[in-house]
Amino acid sequence: MFHYTIRRLVVAVPTLLLISLIIFLLLGLAPGDPMAQLPLTIPPEVKEKMRLSLGLGDPLMTRYALWLKQFFWIEPLHVIDALFGLDLSGDSQRIVSWQSRAPVADIIAQRLPQTLWVVGVAYLVGTAIALPIGIISAYKQYSWFDQIGTLISMIGFSVPTFFTGVVLIVLFSVALPWFPSLYDTTLQVTDWQSFLAQLRQMVLPVMVLALYNASQIGRFMRASVLDNLREDYVRTARAKGLTEKVVVLIHVLRNSMIPVVTVIGMGVPQIFGGAIITEQVFKVNGIGELLISSIQANDLPMVQTLTFIFAVLIVLFNLITDILYGILDPRIRYD
Amino acid sequence: MTDVTTQATLTTRSSQSLDVWRQFRSHRGAMAGMLILGLILIAVIAGPWLWHVDPTEITMRARNRGPSLAHPLGTDQLGRDMLARLMAGGRVSLTVGLVAMLLSLSLGTLVGVCAGYFRAVDGLLMRLTDLFLALPLLPLLLVASMLFREPLARLLGAEAGTFLLIVFVIGLTSWMHAARLVRGEVLTLKEREFILAAQSIGTRRGKMIQRHILPNVLSPVLVSATLGIASAIITESSLSFLGLGFPPDFPTWGRLLYDAIDQIQIYPMRVVMPGIAISLTVLSVNYVGDGLRDAMDPRIRGR
């Protein structure tokens, strides 16, 4: 298991480096001019100086190396400093947003909790709904429960998240004023009242994302349980006289979870993508909303860092999934 | 002699496709999906011939009207006819979906066949596929459409430039699943006897791929194609919804939804209509894909 984990880790590092290079080249070679937004009254020679001071005059590879150093060495040092009150980083140059002139890491640190809250809760809710529905659907294949479940999961899978979000707003905050349509990010949870308010404003975004996830995971769970129910070991277990509960919930469930764990793990990055749209619908000020607003403002360092953070999340969760898969299914390890 | 063989292959092939069709017809969802998809296609393609209203014509006097005889689905905030806009938008959205799917499929098939057939490039191409799968696609799509929109628009005009850009970025970021699928299929095909037979009579590589490999990977590719259209339509409308798709006066379903969202409290129908159009199309395409997959799967077809 140790060797397997190490092997996976060794693959993940060059992948991340290559992705960072792709992102960097895409942004670096793009025909857009980062100075295009500046007022026309600035003389050309001043503009040229500003370009040089932003480091745009250096060769591309120098800029890439500098960015790598900033992202992997200087920014982590600053994070450690902030956490433990040390001063390891000194006055080294940080990645600074062109829009707000604040370090990119600080802004992301402010925005990340909102995204993680909404996305995390939605994913947990979605998985918690999907697993039992998938099991019951497969166990009672072609029953009315299965038919309705399949239809709903097909709908949840097909309807884009921005439309489910809009429909939920029309239904539950315009027609029936039950939940707020906008996410109030200034809300501080201090007492029971504000905790309830926080819960109420999370309901709609979480519902949107959870529906999407639950339908995807539910479909896989159903297929996986169906495959396993036909296996010989199920017949053996029944022939031994085990109760249906034990057969389904212990024997079948454990084996069908193996592929589903992969789907759950691989779905995490996807839900971050979905969060970009959902945050835009409900005006949650998470990192997805930050990405959109910095794209609109041509804020290249911020866009670069955020895109790379998304890539890190994807590679990280792929790694976790691979390792979990190795733990669950010993055949994978000795490949 | 040749006549007999061609006839024989024709009858066997037609009976196989008959089998597939029979299985497909027994899938109720797929049949319903095909019906609805057909209706949407007819409405979108033939609609503008029957409904002669310009989707971009602005009539300030007839702003924000409800459904009436002159405007069956009402008008928007600039007095443009919603029915005409929905039909025009559907044309663009479906074209984007189709073209992007074709692009991603040909790329995926190319990579898949090369990786499966030529062992020398297999490792490299599959690592490339893995790398693309690990890319954060939606953020990259957004970034690419931010960076390349204006230069392309200057080069080709706003509409054509955006169309090409969106089709290309969607195609270039969605070929990976098709490639993996095709590679797996080619790898199993390579072990079959008829390939060995073809090899032993001296069939050259190009002919081999064209004659024996490609026709046999068609069925998994077909399923992947239907699902590809669905996801391309969703991606296009998401880009438009985030304001990074087509220009404002150019109707697509995603753009119509995005334009209407400011007034959702007063005119919710204007948001719901394009949304339903997108959702119905994607839902029926997905059902057709589901039915096709079941019909193509010989394990299920026997039952």
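Conventions adopted
Residues numbered from 1 in each chain as written. Chains lettered and ligands numbered in written order. Predicted model: local features only at pLDDT ≥ 70, side-chain atom pairs only at ≥ 80, totals over all residues. Heavy atoms only, no water. Helix = DSSP H or I, 4+ residues; strand = E, 2+ residues; numbered from the N terminus. Buried < 20%, exposed > 50% of the residue type's maximum accessible area, 1.4 Å probe, protein only. Contact = heavy atoms within 4.5 Å. Lys, Arg positive; Asp, Glu negative; His and termini not counted. Charge placed at Lys NZ, Arg CZ, Asp CG, Glu CD. Areas by Shrake-Rupley, 256 points an atom, 1.4 Å probe, with all protein chains shown as cover. Salt bridge = Lys/Arg side-chain N within 4 Å of Asp/Glu carboxyl O. Buried area = accessible area lost by both parts, 1.4 Å probe. Polar contact = N/O pair within 3.5 Å; in protein donor to acceptor, adjacent residues only side chain to side chain. Axes fitted to C-alpha atoms, helices over the stretch in contact; angles between N-to-C directions. Parallel < 35°, antiparallel > 145°, perpendicular 65-115°, else oblique. Nonpolar A, V, L, I, M, F, W, Y, C, P; charged D, E, K, R; others polar. pLDDT = per-residue confidence, 0-100. Patch = residues over 30% accessible without salt bridge, like charges linked within 9 Å, V, L, I, M, F, W, Y side chains within 5 Å. Phe/Tyr/Trp six-rings, centres within 6.5 Å; stacked < 30°, edge-to-face > 60°. Lys NZ or Arg CZ within 6 Å of the ring centre and 35° of its normal. Expected span 1.5 Å × (residues − 1). Bend = angle between axes of the 7 residues up to and from the residue.

Caption draft 1: Representation of the overall build of chain A within the structure. Scanning chain A from N- to C-terminus turns up twelve helices and zero strands. Starting at the N terminus, the α and β elements of chain A follow one another as α-α-α-α-α-α-α-α-α-α-α-α. Taking the principal axes of the C-alpha coordinates as reference, chain A spans close to 85 × 55 × 40 Å. Looking at chain A residue by residue over its 335 residues, the buried ones come to 45%. Considering only contacts in chain A between residues 6 or more positions apart, those separated by 24 or more positions represent 70%. Distance between charge centres in chain A, computed from 23 positive and 22 negative side chains, equals 10 Å.

Caption draft 2: Examining the overall build of chain B more closely. Looking only at helices and strands, chain B has 13 helices and zero strands in total. What you see in chain B, going N to C, is helices and strands ordered as α-α-α-α-α-α-α-α-α-α-α-α-α. Per-residue burial over chain B gives 47% buried out of 303 residues. A separation of at least 24 residues holds for 69% of the contacts in chain B among residues at least 6 apart in sequence. Entry remark: accessible area of chain B is about 15,500 Å², with carbon and sulfur atoms responsible for 65%.

Caption draft 3: Main features of the pattern of salt bridges. The full count for this structure, using the stated rule, is twelve salt bridges over all chains. The salt bridge involving Arg111 of chain A is made with Glu289 of chain A; its shortest N-O contact spans 3.1 Å. Here Glu289 of chain A lies in helix α10 (residues 287-296) and Arg111 of chain A lies in helix α4 (residues 104-139), a separation of 178 residues in the sequence. Within this structure, Arg219 of chain A together with Asp290 and Arg293 of chain B form a network of salt bridges that share partners.

Caption draft 4: Structural view of the interface of chain A and chain B. Taken together, the contact pairs 44 residues of chain A with 39 residues of chain B. Of the roughly 3,500 Å² buried between chain A and chain B, counting both surfaces, carbon and sulfur atoms make up 83%. Here chain A and chain B share one salt bridge between them. Put simply, chain A and chain B have one residue pair in polar contact (both at pLDDT 80 or more) between them. Every element with two or more residues in the side of chain A that touches chain B is listed here: α1 (2-29), α5 (144-158), α6 (161-175), α9 (244-282), α10 and α11 (300-328) of chain A.

Caption draft 5: Examining the packing of α9 of chain A against α10 of chain A more closely. All names here are of chain A. Packing of α9 against α10 leaves a shortest axis separation of 7 Å and a crossing angle of 85°. Taken together, the axes of α9 and α10 lie roughly perpendicular to each other. When α9 is examined against α10, the residues Ile276, Glu279 and Gln280 are found in contact with a partner set consisting of Ile287, Gly288, Glu289, Leu291 and Ile292. Here the contact of α9 with α10 is built from residues that sort into four nonpolar, two polar and two charged.

Caption draft 6: A look at the confidence of the model for chain A. Averaged over every residue, the pLDDT of chain A is 83; residues scoring 70 or more account for 93%. Averaged over each element, pLDDT in chain A is lowest for helix α12 (residues 330-333) of chain A (72) and highest for helix α8 (residues 232-239) of chain A (91).

Caption draft 7: Here's a closer look at a nonpolar patch on the surface. On the surface, Met1, Leu316, Ile320, Leu324 and Ile327 of chain A cluster together into a nonpolar patch covering about 410 Å² of accessible area. Counting through the fold element by element, Leu324 of chain A comes out in helix α11.

Caption draft 8: Focus on the packing of aromatic side chains. For the structure on display, the rule yields 16 aromatic pairs over all chains. Here Phe71 of chain A and Phe308 of chain A contribute two aromatic rings whose centre-to-centre distance is 5.0 Å and whose plane-to-plane angle is 80°, an arrangement assigned as edge-to-face. One end of the pair, Phe71 of chain A, is in helix α3 (residues 60-84); the other, Phe308 of chain A, is in helix α11, with 237 residues separating them in the sequence. An identical accessibility class is assigned to Phe71 of chain A and Phe308 of chain A; each is buried. One aromatic cluster is present, formed by Phe24, Tyr64, Trp67, Phe71, Phe72 and Phe308 of chain A through successive ring pairs. Above the plane of the ring of Phe157 of chain A lies Arg219 of chain A, whose end atom (NZ or CZ) is 4.8 Å from the centre. The aromatic ring of Tyr267 of chain B is capped on one face by Arg270 of chain B, whose charged end is 4.4 Å from the ring centroid.

Caption draft 9: Fine view of the side chain of Thr161 of chain A. Mapped onto the secondary structure, Thr161 of chain A falls in helix α6. Those residues in contact with Thr161 of chain A that sit more than four places away from it in its chain are Val208, Tyr212, Gly274, Ile277 and Thr278 of chain A.

Caption draft 10: Representation of the environment of Leu39 of chain B in the model. The topology assignment puts Leu39 of chain B in helix α2 (residues 28-50). C-alpha separation for the pair Leu39 of chain B and Thr281 of chain B, spaced 242 residues apart in sequence, amounts to 10.0 Å.

Caption draft 11: Focus on α2 of chain B. Residues and elements named next belong to chain B. Relative to the 33 Å expected for 23 residues at 1.5 Å per residue, α2 spans 31 Å between its end C-alpha atoms, a close match to the ideal helical length. Along α2, the largest kink reaches about 35° and is centred on Val44; proline Pro48 follows within four residues of it. Residues of α2 that are buried include every one of Ala30, Gly33, Leu37, Ile40, Val44 and Gly47, and no others.

Caption draft 12: Here's a closer look at helix α12 (residues 268-296) of chain B. Helix length check: α12 of chain B, at 29 residues, gives a terminal C-alpha distance of 42 Å against a target of 42 Å (1.5 Å per residue), a fit within 8%. Of all 29 residues that make up α12 of chain B, 22 are buried, and the element is covered over most of its length.

Caption draft 13: Seen up close, the environment of Thr203 of chain B. All names here are of chain B. With respect to the secondary-structure elements, Thr203 resides in the loop between α8 (193-200) and α9 (205-213). Residue class for Thr203 comes out partly exposed when judged on its relative accessible area of 24%. Residue contacts for Thr203: discarding those within four places in its chain leaves Ala198 and Met208. Polar side-chain contacts of Thr203 include one of 2.6 Å to the backbone oxygen of Ala198.

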